[in-house]
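Breakdown of the fold
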Amino acid sequence: MKIATWNVNSLKVRLQHLLTWLEANPVDVLCIQETKLTDDKFPLAEINAAGYQVVFAGQKTYNGVAILSKHPIEDVQKGNPHFEDEQQRLIAATIAGMRIICAYVVNGQEIGSDKFAYKMAWLEGLRTWVAEEMRRFPELAVLGDYNIAPEARDVHDPAEWENHIHFTPPERAALQEFMALGLTDAFRLFEQPEKQYSWWDYRNLAFRRNRGLRIDHILLTEALAKRCSACHIDRETRKWEQPSDHAPVVATLSD
DNA sequence: ATGGCAATAGAGTATTGA
């Protein structure tokens, strides 16, 4: 069983990338973010034809999330029942006995901005809801674009990024508090090469220079962490023509 | 410190992302 997350940065632009990647990486479950499509424009037929069921919650221009699955999708929840939000950033479903939550965390702009306050409130709402979901589902995974780098080793130049969005102390504290519910970063369950990132700026040859951040994560409850046998970031997609600025993250679970 | 790059909306250029 493989589960994965990928911020595609426009599903309209990246549909062919998605299909190509799935063909080479036939994961069981894929959570995607930033579809930027209203539900009536969602490419349902193309994704079904690739052998995937899919549920989605979209909007125009911004945000938008979806869960693709080779297995039946049940008990779908769009949005957070504990946090009123017009922005489509959350979708959850039960697949193969696991609760899968696909999250597109707020960017946050900069400390002191309204968007930063929204990010903090949104994360608090997520924590409240996931705590409740964890009581219902021992096997639970929260996959997505967290827009937070947990540690210095997740940032290409921690000094340069100090107090910049994605690596500020309050964001990192909020992520720690969220994980304190009992969630483990699948990527850090294993020895990894140095300088592994999941996002690189489009500008200044950032990918070529590996000036990136690790901000896309797969967080697992203890029951799933025990089953997790591997986790990696697939940098290959970032080398493709007209790529998403994010790379997929994949975790393998034993049956 | 700023801008650089990309996607979107919509027809100039502004907004947002990370």
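Now for a quick tour of the structure. Everything quoted here is computed from the prediction, not taken from an experiment.

1. Brief notes about the nonpolar core
- Formed by 74 residues in total, the largest nonpolar core has its most connected members in Ile67, Ile91, Ile100, Ala141 and Ile218.
- Residue contributions to this core peak at six residues, all from strand S7 (residues 98–104).
- In this structure, Ile218 is in contact with Ile3, Thr5, Ala141, Leu143, Ala186, Cys231, Val249 and Ala251, ignoring residues within four places of it in sequence.

2. Some words on the protein's contact with DNA strand B
- Surrounding DNA strand B, one finds 23 residues, the nearest of these being Ser10, Thr61, Asn107, Tyr202 and Arg203.
- Across the surface near DNA strand B, the residue classes tally to six nonpolar, ten polar and seven charged.

3. What about the sheet that holds strand S13 (residues 228–233)?
- Strand order in the open sheet made by the six strands is S3-S4-S2-S1-S14-S13, with mixed pairing throughout. Looking along the sheet, the strands with just one partner apiece sit at the ends: strand S3 (53–57) and S13. Here the strands of the sheet are splayed against their neighbours by 10° on average, with no regard to which way each runs.
- One ladder, built from five bridges, connects strand S2 (residues 29–33) with strand S4 (residues 65–69); its direction is antiparallel. Paired with Cys31 across the bridge in S4 is Ile67.

4. Concerning the environment of Val130
- Here Val130 is to be found in helix H3 (residues 114–136).
- Expressed as a C-alpha distance, the spacing of Val130 and Asp75, which sit 55 residues apart in the sequence, is 15 Å.
- Among residues more than four places away in sequence, those in contact with Val130 are Ile101, Val142 and Leu181.

5. A few points about the pairing of strand S14 (residues 249–253)
- The buried count for S14 comes to four of five residues, which makes it a mostly enclosed element.
- Of the strand pairs in this sheet, strand S1 (residues 2–7) and S14 are connected by four bridges, and their pairing is antiparallel. The partner of Thr5 across the bridge, within S14, is Val249.
- For S13 and S14, the ladder comprises five bridges, and the chain directions are antiparallel.

6. A closer look at the pairing of S1
- Counting buried residues in S1 gives five out of six residues, a clear majority hidden from the surface.
- With five bridges connecting them, S1 and S2 associate as parallel partners. Looking at the pairing, Asn7 lines up with Gln33 of S2.
- At this point the chain moves from S1, through helix H1 (residues 11–24), to the parallel S2, and the crossover so formed is right-handed.

Basis of the calculations
- Residues numbered from 1 in each chain as written.
- Chains lettered and ligands numbered in written order.
- Predicted model: local features only at pLDDT ≥ 70, side-chain atom pairs only at ≥ 80, totals over all residues.
- Core = buried A, V, L, I, M, F, W, Y, C linked by C-beta atoms within 7 Å.
- Buried ≥ 20, exposed ≤ 12 C-beta atoms within 10 Å, placed from the backbone.
- Helix = DSSP H or I, 4+ residues; strand = E, 2+ residues; numbered from the N terminus.
- Contact = placed C-beta atoms within 7 Å.
- Near = placed C-beta within 6 Å.
- Nonpolar A, V, L, I, M, F, W, Y, C, P; charged D, E, K, R; others polar.
- Pairing = 2+ DSSP bridges.
- Axes fitted to C-alpha atoms, helices over the stretch in contact; angles between N-to-C directions.
- Right-handed = clockwise from strand over helix to strand, strands pointing away.

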